[in-house]
Amino acid sequence: GSMDPAIYFKEQFLDGDAWTNRWVESKHKSDFGKFVLSSGKFYGDLEKDKGLQTSQDARFYALSAKFEPFSNKGQTLVVQFTVKHEQNIDCGGGYVKLFPSGLDQKDMHGDSEYNIMFGPDICGPGTKKVHVIFNYKGKNVLINKDIRSKDDEFTHLYTLIVRPDNTYEVKIDNSQVESGSLEDDWDFLPPKKIKDPDAAKPEDWDERAKIDDPTDSKPEDWDKGGSGGEWKPRQIDNPDYKGTWIHPEIDNPEYSPDANIYAYDSFAVLGLDLWQVKSGTIFDNFLITNDEAYAEEFGNETWGVTKAAEKQMKDKQDEEQRLKLEHHHHHH
Ligand SMILES: *[C@@H]1O[C@H](CO)[C@@H](O)[C@H](O)[C@H]1NC(C)=O
């Protein structure tokens, strides 16, 4: 756009341990898992790729950072971050939650009310999806579409865009994977049309396309036990056939449009509130802004510039491992 982007939250973990002053551990439970600052076993850039890594297996994690509260009314909202499941994740969350102001960060937990939950969630081969959940009038409403998450060991960029015309877009690695209208793809509102409760199928409505031919009769020499099998009359077109009865629809009196589905009074905290079986996921490059182009550029400048070197390092490690195993094999 022509205006400077509003950057509500940006976190790249480029200042050593200082992140511990910006992120708050919840004390709701005493055994939440620890996040550590790390770029992991392989990376594109040792410093730039440092992010928050889950470090203990089979734990709940609950960490959050606050920012100056804002409302997205009349504006686009973009939520973006990178996730790297370098541990080859079996089951665990890779999503963020955006909370309204008023959240007690020290008490954040799984039931704390949020506005939006967004990002990948993997559990076994059956669940590999990207959640997009909106709190609408106190209820968490899940997207009706199935968005597949990445399940490899590399860093991926996840972006959610919510616009004031009630449209949305989900991008992975700066490519659109889903888009549409909020009203169509979530069940926020009751349906526009319902079946007319006063209409019923007339009793004499004949839905049978074919009927037995009344002039046909079983031959006298019909041999049931023989190759003919059970005798069945010939089928003819039903002269009274009226087609399938279609229940007429009327406007649903419960329905009223809402032009502000997308809008929240306040956003104030970004939280990582998730469960992981095998730890090792790294979260990085968090961004909340009102500018789609800026977010794309920021994605290019972070994930975009380190992804190739990350892949190279991983490939090299895999090759070294392969040679080591081969060597081992030859000597025994
Ligand atoms: C981001 O990178 C892609 C691929 O190189 C490019 O096509 C796109 O224009 C870039 N976006 C921005 C906003 O710089």
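Use the structure listed above.
So, how was this worked out
- Residues numbered from 1 in each chain as written.
- Predicted model: local features only at pLDDT ≥ 70, side-chain atom pairs only at ≥ 80, totals over all residues.
- Heavy atoms only, no water.
- Near = heavy atom within 4 Å.
- Polar contact = N/O pair within 3.5 Å; in protein donor to acceptor, adjacent residues only side chain to side chain.
- Areas by Shrake-Rupley, 256 points an atom, 1.4 Å probe, with all protein chains shown as cover.
- Nonpolar A, V, L, I, M, F, W, Y, C, P; charged D, E, K, R; others polar.
- Helix = DSSP H or I, 4+ residues; strand = E, 2+ residues; numbered from the N terminus.
- Expected span 1.5 Å × (residues − 1).
- Buried < 20%, exposed > 50% of the residue type's maximum accessible area, 1.4 Å probe, protein only.
- Contact = heavy atoms within 4.5 Å.
- Phe/Tyr/Trp six-rings, centres within 6.5 Å; stacked < 30°, edge-to-face > 60°.

Right, let's talk about the site of the ligand for a bit. In the region of the ligand, the neighbouring residues are Ala 293, Glu 296, Glu 297 and Asn 300. Residue Glu 296 places a side-chain N or O atom 2.8 Å away from a nitrogen atom belonging to the ligand. A distance of 2.3 Å separates an oxygen atom of the ligand from a polar atom in the side chain of Asn 300. The protein chains hide 36% of the 360 Å² of surface that the ligand would expose on its own. Tallied by class, the residues present in the shell around the ligand amount to one nonpolar, one polar and two charged.

What follows is about helix H4 (residues 303–331). Over its 29 residues, H4 runs 42 Å from end to end, which matches the ideal 42 Å to within 8%, given 1.5 Å per residue. Turning to H4, its buried residues number three or more, namely Trp 303, Thr 306, Glu 310 and Lys 314. Looking at the packing, one finds that the buried side of H4 touches strand E6 (77–85), strand E12 (155–162), strand E20 (281–289) and helix H3 (292–301).

Mapping Asp 15 onto the fold places it in the loop between strand E1 (7–11) and helix H1 (19–22). Accessibility expressed as a relative area gives 39% for Asp 15, which makes it partly exposed. Distance in space between the C-alpha atoms of Asp 15 and Ala 259 is 42 Å, their sequence separation being 244 residues.

Moving on to the packing of aromatic side chains. Aromatic rings considered in pairs are described by the distance between their centres and by the relative angle of their planes. Going through the model one piece at a time under the given rule, you end up with 24 aromatic pairs. Their ring planes at 40° and their centres at 5.5 Å tell us that Phe 9 and Phe 67 sit as a pair that is tilted. Of this pair, Phe 9 sits in strand E1 while Phe 67 sits in strand E5 (residues 59–70), and the two are 58 residues apart along the sequence. Seen in terms of ring centroids, Phe 134 and Trp 186 are 5.1 Å apart; in terms of plane orientation they differ by 70°. Their pairing is edge-to-face.

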